[in-house]
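Structural description and commentary
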Amino acid sequence: MNKKIKIAIIDDDDSIHDILKCFYRNSDIVEIKYDFTNPTSFIEAAPNLDFDLCFLDISMPGLDGLSVAQQIGNKPVIFITGSDDKLRQALDLNPIDVITKPFTRARIDIALQRVQKPKPIEYGLFNVAESRRKVNIHLPDILFVSTDDVDARNKAVVLRGGIKYTLMNYSFNDLKTAAPHLTQVNKHDLVSVDNINKVNNDNILFKNNTNDRPIATNLSYTHKAELANRMFYS
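Calculation notes
- Residues numbered from 1 in each chain as written.
- Predicted model: local features only at pLDDT ≥ 70, side-chain atom pairs only at ≥ 80, totals over all residues.
- Heavy atoms only, no water.
- Helix = DSSP H or I, 4+ residues; strand = E, 2+ residues; numbered from the N terminus.
- Buried < 20%, exposed > 50% of the residue type's maximum accessible area, 1.4 Å probe, protein only.
- Contact = heavy atoms within 4.5 Å.
- Polar contact = N/O pair within 3.5 Å; in protein donor to acceptor, adjacent residues only side chain to side chain.
- Core = buried A, V, L, I, M, F, W, Y, C linked by side-chain atoms within 4.5 Å.
- Expected span 1.5 Å × (residues − 1).
- Arc of directions from axis to C-beta.
- Pairing = 2+ DSSP bridges.

This next bit is on the environment of Leu-93. You can see Leu-93 is positioned in the loop between α4 (87-92) and β5 (97-100). Take Leu-93: its relative accessible area is 30%, and that puts it in the partly exposed class. Between the alpha carbons of Leu-93 and Val-77 there is a distance of 9.1 Å; along the sequence they are 16 residues apart. Discounting residues that sit within four places of it in the chain, Leu-93 has contacts with Leu-66, Ala-69, Gln-70 and Phe-79.

Following this line, the structure appears as structure tokens:
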């Protein structure tokens, strides 16, 4: 089960606190840990609070939500507002979302889904045959992976631009987990879904073919369903 999102509510309207607490009482995904009606009190307490996200009213007396957001560093914010004032300024602060009052549980859930969705990992450090040190590879650049001819524990990869490496002691599952754009098409090959140009019967043809990369590979019956889950073809 995913760790609960720990939330601080900062809104001068007590009813907003009551609504959000009601929405997420006994929730498996959200824990309302702190609630403040005074933004200044929150700013003073914030360095010692353990929270992941703020529900933050834009318009409050004394210190508005925009100022609060600028003072709490990199903590994610979902702005809540009862008017269209300062919406442009709020968006300039790159919040998770801006929600207008009145709101529904479903609308809040949509915003929270954006918090829960992990950012994809873009780089990986790999042991490679070509170097004594780990090599940093931009994962989306991997176009083709095949089982090494000498040692099946190793995988030969072709990157965008024609760079090639032999990755030492990695399974196909390791690579598909690290680079979700890859899919297995037969016993020996992984391919980038984005690099597929055409599926013709049991053959897969690649885009932008050059002499430094394969121009095609075969699609085995065992892995047709895996490819069909990633792209439509007939």
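All right, on to the side chain of Thr-217 then. Here Thr-217 lies in strand β15 (residues 216-218). Judged by relative accessible area, which is 10%, Thr-217 ranks as buried. At 3.2 Å, the side chain of Thr-217 and the side chain of Asn-186 are in polar contact. Residues in contact with Thr-217, not counting those within four places in the same chain, are Phe-144, Val-185, Asn-186, Asp-189, Val-191, Asp-202, Asn-203, Ile-204 and Phe-206.

Where a protein is soluble and globular, its nonpolar side chains tend to be buried together. One finds Ile-10, Phe-42, Cys-54, Leu-56 and Phe-79 to be the most contacted residues of the largest nonpolar core, which totals 21 residues. The set of elements that each furnish at least two residues to this core consists of β1 (5-10), β2 (30-36), β3 (53-57), α3 (65-71) and β4 (77-81). Ranked by the residues each element gives to this core, the list is headed by α3, at 3 residues. Discounting residues that sit within four places of it in the chain, Ile-10 has contacts with Phe-36, Pro-39, Phe-42, Cys-54, Phe-55, Leu-56, Asp-57 and Met-60.

With 12 residues, helix α5 (residues 105-116) extends 16 Å from end C-alpha to end C-alpha; this agrees with the ideal 16 Å at 1.5 Å per step. Those residues of α5 not exposed but buried are Ile-108, Ala-111 and Leu-112. Down the axis, α5 shows its buried residues gathered within 100° of arc, on one side only.

Burial along strand β14 (residues 203-206) is one-sided: Ile-204 and Phe-206 are buried, and none of Asn-203 and Leu-205, which face the opposite way, are. Here strand β13 (residues 196-200) pairs with β14 via 4 bridges, running antiparallel. Opposite Val-199, over in β14, you have Ile-204 as the bridge partner. The hairpin formed by β13 and β14 contains 2 residues between the paired strands, and Asn-201 there has a positive phi angle of roughly 55°. Across 3 bridges, the pairing between β14 and β15 is antiparallel. Paired with Asn-203 across the strands is Asn-218, a residue of β15.

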